[in-house]
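Inside the fold
The lines below spell out each chain.
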Amino acid sequence: MHLYGTQAINEQGHLTIGGIDSVDLAKVYGTPLFVYDIQLFRDRAKAFQKTFEDEAIRYQVAYASKAFSSIAIYQVAAEENLSLDVVSGGELYTAVKAGFPKEKVHFHGNNKSETELRMAFEEQIGCIVVDNFYEIELLKKISEELEQSMNILLRVTPGVEAHTHDYITTGQEDSKFGFDLKNGQADEAFKRAYGHSFLKLMGLHCHIGSQIFDTTGFQLAAEKLVEKMSEWEKDFGYRCPVLNLGGGFGIRYTDEDTPLEPAVYVRDMIRTVKKVSAAADFPLPEIWIEPGRSLIGDAGTTLYTVGSMKEVPGLRKYAAVDGGMSDNIRPALYGAKYTSLIANKANAEATELYTIAGKLCESGDKLIDEAKLPAVEAGDILSMFCTGAYGYSMASNYNRIGRPAVVFVENGEHQLVVRRETNEDLITHDMSYTKEVKDR
Ligand SMILES: *Cc1c(COP(=O)(O)O)cnc(C)c1O
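Since this is a predicted model, take the numbers as computed values, not measurements. (Residues numbered from 1 in each chain as written. Predicted model: local features only at pLDDT ≥ 70, side-chain atom pairs only at ≥ 80, totals over all residues. Heavy atoms only, no water.)

Section: the UniProt feature "modified residue: N6-(pyridoxal phosphate)lysine" (unreviewed entry) in the chain
Stated formally: UniProt positions are given in the numbering used here, feature names are shortened, and annotations may be inferred rather than shown by experiment. Strands here are runs of E lasting at least two residues and helices are runs of H or I lasting at least four, both read from the DSSP assignment and numbered beginning at the N terminus. Should any heavy atoms of two residues lie within 4.5 Å, those residues are counted as being in contact.
The UniProt record annotates "modified residue: N6-(pyridoxal phosphate)lysine" (unreviewed entry) at Lys 66. If you trace the backbone, Lys 66 turns up in the loop between strand S5 (59-64) and helix H3 (71-79). Lys 66 has contacts with Val 87, Glu 91, Tyr 390 and Ser 393, leaving out every residue within four places of it along the chain.

Put into structure tokens, the structure is as follows:
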């Protein structure tokens, strides 16, 4: 069994997180419940920042907040001096409401609307990561109309695709995101953007994948991007000061996953950027990265209450919990794997195999295929680990189930940061359909 961050087991044999008994949390707040170990989030943020600090490299570590977006986590991110990636007007609005420093907000997305882009100007955010030619033209129009400047990065697809345990390099990438580096699109984007009186071209951005467990892909991408920036300096006399290498650093969902320490990812990136910059006689750029999952993923644990059970003789035992694909769609969507523990029997020997089913009306609504657990009974609290990223943020109201509550724990204290949706919440946007009945 693997515990994360501040997790431990107390004298009653209960799982604790942040010094708090998880069984008590389930009693106080109900289940399903997302519990975030805020110390772990802070430690991870510092771990990514430290290597840059130690090597005196100019940098930004931006929390890719689509992984989990809420006012409270944006406040913690601000306390940890993180920058913030947002991908919609809604995330930007949340950042503004959280009082997040706007100059450190970066706006991503392959189809930002004009309304969203205008909002970015109004809030005077730090930069927009431009994805396509349509967006360049929109930004020119808006910035000229407002006579207001905006920092931009160009998102490029470097032809490096990182997969969990390997990477492939492709000539041309079949991706909906960004300008292709090889076929001339990126050069064309540069020509259209640089020198504009209001758009300030800061540099290049790429994001090569997710759940990446080695540094080769990042190194290859860094090489290609620095070479391109150096080529543009030689050809056009314009130097981009920023290199953004994206996120995708892997985390340990199960023991099949073998993540590197944040320091190792950062160290290898810095080495490559230094080497390639020196070779190209290009001044060392600022390095930006965008961890999402690796900041927040293993900081999150979901607590569920076990209800009904079913045995299919000779095949399997099902234990159903009070949530499922409505609070965590990743198993159904990508076959994502997780580990779990019975929080109120944390020391009991795991002797049985269960399939953990959700309560939603889909036969694919399973959270864990084979969970090794002690004998499970109705009323047990099942803790599912590593659910902090893309769990709550992808939650839905399917079957009109309210989204769970979210609680932060830290140093023996707990605090509700997103309240559970009630039945009343579920109908707040509904309107009646009434027709005047004429000539009956
Ligand atoms: C999703 C995303 C990230 C974060 O990815 P993780 O795998 O969660 O680290 C970073 N940058 C961009 C542009 C993204 O779309």
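A short note on the packing of helix H5 (residues 114-122) against helix H6 (residues 133-146)
Going by this rule: Lines fitted to the C-alpha atoms define the axes, with helices restricted to the stretch that makes contact. Angles between their N-to-C directions range from 0 to 180 degrees. If an angle is under 35 degrees, it is roughly parallel; if it is over 145, roughly antiparallel; if it lies from 65 to 115, roughly perpendicular; otherwise it is oblique. Left-handed describes a crossing whose near helix is turned anticlockwise from the far helix by less than a right angle; the clockwise case is right-handed.
Where H5 meets H6, the axes come as close as 10 Å, and the angle between the chain directions of the two elements is 45°. Taken together, the axes of H5 and H6 are oblique relative to one another. Helix-helix and strand crossings are classified by hand; for H5 and H6 the assignment is right-handed. From H5, Glu 114, Leu 117, Arg 118 and Phe 121 reach across to H6, where they touch Glu 135, Leu 138, Leu 139, Lys 141, Ile 142, Ser 143, Glu 145 and Leu 146.

Remarks on the pattern of salt bridges
Rules: One side-chain nitrogen of Lys or Arg within 4 Å of one carboxyl oxygen of Asp or Glu is enough to make a salt bridge.
Inspection of every chain in the model, using the stated rule, returns 26 salt bridges. A salt bridge links Glu 80 to Lys 46; its shortest N-O distance comes to 3.0 Å. Here Glu 80 is found in the loop between H3 and strand S6 (83-86), whereas its partner Lys 46 is found in helix H2 (residues 38-54), with 34 residues between them in sequence. Close ionic contact of Glu 421 with Arg 403 constitutes a salt bridge, the shortest N to O distance being 3.1 Å. Highlighted residues: Glu 421 in the loop between strand S23 (413-418) and helix H12 (423-426) and Arg 403 in the loop between strand S21 (381-385) and strand S22 (405-410), separated in sequence by 18 residues. Among the charged side chains, a network of salt bridges with common partners joins Arg 42, Lys 46, Glu 79, Glu 80 and Glu 410.

Here we look at the state of the cysteines
Such a bond, covalent and formed between the sulfur atoms of two cysteines, is termed a disulfide. This is how it is decided: Disulfides are defined as pairs of cysteine sulfur atoms found within 2.5 Å of each other.
Summed over all chains, the structure comprises 0 disulfides. Cysteine Cys 240 remains unbridged, with the sulfur of Cys 127 as its closest cysteine sulfur at 13 Å.

Focus: the domain arrangement of the chain
The criterion, for reference: For the purposes of this description, domain bounds are those given by an automatic or database domain assignment. Using a 1.4 Å probe, buried area is obtained as the accessible area two parts lose upon being combined, added over both of them.
What the domain assignment reports for the chain is domain 1 (8-30 + 299-426) and domain 2 (38-296). A straight line from the C-alpha centre of domain 1 to that of domain 2 covers 33 Å. Domain 1 puts 20 residues into the contact, and the matching count from domain 2 is 20 residues. Buried surface at the junction of domain 1 and domain 2, both sides included, amounts to about 1700 Å², of which 61% is carbon and sulfur. On the domain 1 side of the contact with domain 2, Ala 299, Tyr 390 and Phe 408 bury the most area, a combined 34% of that side's loss. At the junction of domain 1 with domain 2, the criterion picks out 1 salt bridge. Among the secondary structure elements, those contributing two or more residues to the side of domain 1 that touches domain 2 are S22 and S23. Per-element accounting of the side of domain 1 that touches domain 2 gives the leading share, 4 residues, to S22.

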